[in-house]
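Single-letter residue listing:
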Amino acid sequence: MATSPIDNFLGRGDALSRLQAHAGRLLRLQRQLSELLPDYMASACKVANLKEDELVILVDSQGLAVKLRQAVPSLLVDFARIGVLLRDIKVKVAVREYRQAPPPVPQRHVSDTARSGLDTLAASLPADSPLAKALQRFVKQAG
């Protein structure tokens with residue numbers, strides 16, 4: 001597999017190479033976790049970090065967090081069996097960012113009289129005038 005320019009850049013600096021190695025470790029742990037968990041749990045669990053020998057996993061819901069916490073002892077054994085020695089697994093619920101739905105765009109209506117007046121104004125301006133073109137577009141869209 002050929003390396004990309006970003007891989008070459010990341011491999012140069014000491015701090016960046018450590019970051020790249022850590023990211024690679026997290027990706028491997030994510031794949032291994034997905035293989036160890038049932039399908040319904042694997043898709044909702046994400047490896048967040050590895051601090052020394054403590055794995056941090058983010059889950060989508062509190063209910064799933066409870067199930068995963070109950071499975072931690074067997075997961076530690078399963079990880080040890082595949083060569084990953086961990087002291088503990090911390091399970092945290094990922095807090096989704098809450099954003100209110102944007103308010104609906106108010107529907108603005110232009111009266112027939114106003115449309116007619118704007119059309120008349122546009123007609124009185126020179127044909128190549130940007131204002132005349134803008135007014136004509138407005139009248140067409142408002143109609």
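Refer to the structure above for everything that follows.
The notes below deal with the structure included here. (Residues numbered from 1 in each chain as written. Predicted model: local features only at pLDDT ≥ 70, side-chain atom pairs only at ≥ 80, totals over all residues. Heavy atoms only, no water.)

**With respect to the side chain of Gln 30**
So, point 1. Of note, Gln 30 is situated in helix α2 (residues 14–36).
So, point 2. Residue Gln 30 is classed as buried on the basis of its relative accessible area, which comes to 17%.
So, point 3. What Gln 30 contacts, discounting residues up to four positions off in sequence, is Cys 45, Lys 46 and Val 47. (Helix = DSSP H or I, 4+ residues; strand = E, 2+ residues; numbered from the N terminus. Buried < 20%, exposed > 50% of the residue type's maximum accessible area, 1.4 Å probe, protein only. Contact = heavy atoms within 4.5 Å.)

**Comments concerning the packing of helix α5 (residues 112–124) against helix α6 (residues 130–142)**
So, point 1. Put simply, α5 and α6 touch, their axes get as near as 9 Å, and they point 155° apart. When the axes of α5 and α6 are compared, the pair comes out roughly antiparallel. The handedness of the crossing between α5 and α6 comes out as left-handed. Taken together, the residues of α6 that come into contact with α5 (itself represented by Arg 115, Leu 118, Asp 119, Leu 121 and Ala 122) are Ala 132, Leu 135, Gln 136, Phe 138, Val 139 and Ala 142.
So, point 2. Partitioned by chemical class, the residues of the contact of α5 with α6 number eight nonpolar, one polar and two charged. (Axes fitted to C-alpha atoms, helices over the stretch in contact; angles between N-to-C directions. Parallel < 35°, antiparallel > 145°, perpendicular 65-115°, else oblique. Left-handed = near helix turned anticlockwise from the far one by under 90°. Nonpolar A, V, L, I, M, F, W, Y, C, P; charged D, E, K, R; others polar.)

**A look at the sheet that holds strand β1 (residues 45–51)**
So, point 1. Reading across from one edge, β1-β2-β3 is the order of the three strands in this open sheet, with mixed pairing throughout. Lying at the two open borders of the sheet, with one neighbouring strand each, are β1 and β3 (88–93). For this sheet, the mean inter-axis angle between neighbouring strands, taken without regard to orientation, is 25°.
So, point 2. Where β1 meets strand β2 (residues 54–59), six bridges bridge the pair, whose relative direction is antiparallel. Paired with Cys 45 across the bridge in β2 is Val 59.
So, point 3. On the sheet, α2 packs against β1 and β2 and is oriented at approximately 135° with respect to β1.
So, point 4. Where helix α4 (residues 62–81) meets the sheet, it contacts β1, β2 and β3, and its direction lies at approximately 165° from that of β3. (Pairing = 2+ DSSP bridges.)

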